[in-house]
Every structure is written in structure tokens, then in C-alpha cells.
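Listed below, chain by chain, are the residues.
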Amino acid sequence: MTRKSVLGEVREVQLAVELIGLGARLQFLEAAVALSRERLIRLYKELKGVSPPKGLLPFSTDWYMTWLANIHLSMFYNIYRFMLDEADESELPALIKAYRLYTEQVGSQGGEVVLDFTRAETMVRFFDSDMLQLSTCCRCGGHFVAHAHDNKNGYVCVLCRPPSRAGKARKPKVAEVRRGGLISVGPVLDIGGAV
């Protein structure tokens with residue numbers, strides 16, 4: 001008969017709390033922590049005030065190739081590799097520390113965090129299953145996420161060769177509002193048909 005360690009259970013709960021705080025999905029929590037699904041759901045509801053999100057985890061590598069996502073992913077994955085290779089961390093602590101460092105760096109520059117924790121963890125699995133690779137840009141020398149088995153010779157990254165519409169955010173919809181012969185142009189507001 002095996003005895004449960006109280007300290008071991010406390011550590012598992014602390015890890016689950018940390019992962020939920022980072023935005024980990026329930027599927028990942030079940031794989032990373034040895035707590036029951038019911039306890040994880042209760043913990044998630046207690047921390048977030050809502051039920052854990054449902055739905056499929058990312059299953060395609062295509063999202064990782066869009067230009068803005070690729071920049072953020074490449075930064076995250078280089079931090080993650082540094083944690084594994086230079087800081088001598090194991091995979092889960094390296095993932096947690098790299099994600100925290102990534103969000104801190106993006107936040108300190110006033111940017112928007114594009115990569116959520118689930119996509120970060122999924123990307124690491126894609127690397128482990130040889131679906132993605134790091135390619136070195138022949139212009140800047142940076143290491144960027146690319147499809148596995150792509151030709152590495154002459155690779156140019158998304159920073160050195162951005163797509164033509166890169167950085168052009170979608171503007172809010174503008175509507176013309178006619179009142180008494182005057183035309184006013186402004187953002188669309190839903191005010192219940194009062195106009």
C-alpha cells in the first residue's frame with residue numbers, strides 16, 4: 001500500500017496554481033500534475049471564477065508561421081532553449097520560466113502578448129515531434145521558428161523580409177450617420193437602434 005505524501009500533494013497543488021495562473025488548459029494540467037481531474041476543475045473554478053475552457057488544443061503548425069506570431073514564438077523558443085541548455089533546467093520549469101520571461105519582456109516594451117501558454121507548450125511538443133525547427137536567417141543571423149525539413153540555405157526571417165501588410169492592424173469599422181442632412185463619420189456603436 002502506498003502512502004500519499006502531504007508535502008508532495010502540496011507541491012502538486014502549488015504547481016497547478018502556477019500553471020492555471022499562466023493560462024494552462026485543463027488537458028495540459030492533467031498531463032503535468034498528478035491531481036485528479038475533479039480537483040483540477042475545482043481548483044480552476046476557485047482561481048478563475050469560471051469553468052476551464054473547452055475545445056481542441058492547437059493541432060496545426062501553420063499559425064506559428066504568420067509573421068507576428070513567428071517573431072514572438074522565435075523569441076520565446078530561444079529563451080526556452082537557453083533555459084534548457086545554459087540554465088540547466090528540466091522541461092517543465094524551463095517552460096514556465098521562459099514563458100514568464102517572454103511575457104515580462106513583451107510587457108516591458110508595451111507590446112501585446114501574442115503567444116498564450118497553451119500555444120507555447122504545444123510549440124515545444126511540435127519541436128519534440130520534429131514538426132518544427134529553428135532556422136538561421138542568412139541576413140541577421142537570428143534563429144527563427146520554421147517548418148521542419150525546410151531548406152535552411154538562404155533562409156530569410158520575417159523581420160528581414162516582412163510581408164507587405166505586416167504591422168497594418170485592422171481599423172475599427174466606420175459608419176456614416178445621417179442626421180438632418182449632416183454626415184458624421186465615426187466608429188460604429190450599437191445603441192439599440194436609437195439613431
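Everything here concerns the structure above.
Below is a summary of the structure that appears in this document. (Residues numbered from 1 in each chain as written. Predicted model: local features only at pLDDT ≥ 70, side-chain atom pairs only at ≥ 80, totals over all residues. Heavy atoms only, no water.)

1. Re the pattern of salt bridges
Pairing between side chains of opposite charge can happen when the charged atoms of each approach one another. Inclusion rule: We define a salt bridge as a contact between a side-chain nitrogen of Lys or Arg and a carboxyl oxygen of Asp or Glu at a distance within 4 Å. Secondary structure elements are taken from DSSP: a helix is a run of H or I of four residues or more, a strand is a run of E of two residues or more, and numbering for both begins at the N terminus. Burial here depends on accessible area, computed with a 1.4 Å probe over protein chains only, as a share of the maximum for the residue type. Under 20% is buried, over 50% is exposed, and the range in between is partly exposed.
Across all of its chains, the model carries six salt bridges by this definition. Residue Glu9 is joined to Arg39 by a salt bridge in which the shortest nitrogen-to-oxygen separation is 2.4 Å. Taken together, the positions of Glu9 in helix α1 (residues 6–22) and Arg39 in helix α3 (residues 37–48) put the pair 30 residues apart, joining distant regions of the chain. The exposure class assigned to Glu9 is partly exposed, which follows from its relative accessible area of 29%. Ionic pairing is found between Arg100 and Glu18, a salt bridge with its closest N-O pair at 3.2 Å. Pair noted here: Arg100 is in helix α5 (residues 91–108) and Glu18 is in helix α1, with a separation of 82 residues, a long-range link.

2. Comments concerning the packing of aromatic side chains
Both the distance between ring centres and the angle between the ring planes are used here to describe each pair of aromatic rings. This is how the line gets drawn: Note on aromatic contacts: the rings of Phe and Tyr and the six-membered ring of Trp form a pair at centre separations within 6.5 Å, being stacked when their planes are under 30 degrees apart, edge-to-face when over 60 apart, and tilted otherwise.
Summed over all chains, the structure comprises ten aromatic pairs. Centroid distance Phe76 to Tyr102: 6.4 Å. Interplanar angle 80°. Geometry classified as edge-to-face. Of the two residues, Phe76 sits in helix α4 (residues 67–85) while Tyr102 sits in helix α5, which places them 26 residues apart along the sequence. Comparing Phe76 with Tyr102 shows no difference in burial state: the two are buried. Aromatic pair Tyr99 and Phe117: ring centres 5.4 Å apart, planes at 85°, arrangement edge-to-face. One end of the pair, Tyr99, is in helix α5; the other, Phe117, is in helix α6 (residues 117–128), and 18 residues separate them in sequence.

3. Looking at the packing of α4 against α5
To keep it simple, the criterion reads: Think of each axis as a best-fit line through the C-alpha atoms, taken over the contacting stretch in the case of a helix, with angles from 0 to 180 degrees between the N-to-C directions. Throughout this description, any angle smaller than 35 degrees is read as roughly parallel, any larger than 145 degrees as roughly antiparallel, any in the 65 to 115 degree range as roughly perpendicular, and the remainder as oblique. Handedness of each helix crossing follows the sense of rotation of the near helix against the far helix: counterclockwise by less than a right angle gives left-handed, clockwise gives right-handed. A contact between two residues is defined here by any heavy atoms of the two lying within 4.5 Å. By the convention adopted, Pro, Cys, Tyr, Trp, Phe, Met, Ile, Leu, Val and Ala count as nonpolar, Lys, Arg, Asp and Glu as charged, and the other residues, Gly among them, as polar.
Direction vectors running N to C along α4 and α5 enclose 135°, while the axes themselves pass 8 Å from each other. In terms of orientation, α4 lies oblique with respect to α5. Like other packed secondary-structure pairs, α4 and α5 cross with a definite hand, here right-handed. Contact with α4, carried on its side by His72, Met75, Phe76, Ile79, Tyr80, Met83 and Leu84, involves Glu91, Ala94, Leu95, Lys97, Ala98, Tyr99, Leu101, Tyr102 and Val106 of α5 and no other residues of that element. For the contact of α4 with α5, the per-class residue count stands at 13 nonpolar, one polar and two charged.

4. Some remarks on α1
Counted only if it meets this: In a helix, the anticipated span is given by 1.5 Å times the number of residues less one. The reported arc concerns the directions from the helix axis to the C-beta atoms and nothing else. As used in this structure description, the phrase polar contact means that two N or O atoms lie within 3.5 Å; if the pair is within protein, one of them must be able to donate a hydrogen and the other to accept it, and residues adjacent in sequence are counted only when both atoms belong to side chains.
The terminal C-alpha atoms of α1 lie 25 Å apart, and with 17 residues this matches the ideal 24 Å at 1.5 Å per residue to within 8%. Taken as a whole, α1 has its buried residues at Leu15, Ala16, Leu19, Ile20 and Leu22. Looking down the long axis of α1, one finds its buried residues gathered within 155° of arc, a one-sided arrangement. Opposite its buried face, α1 presents the exposed residues Val6, Leu7, Gln14 and Gly21, each directed more than 90 degrees away. One side-chain oxygen of the residue at the start of α1 lies 3.4 Å from the amide nitrogen of Leu7, identifying that residue as Ser5. Immediately beyond the C-terminal end of α1, within one or two residues, lies Gly23, with a positive phi of roughly 105°.

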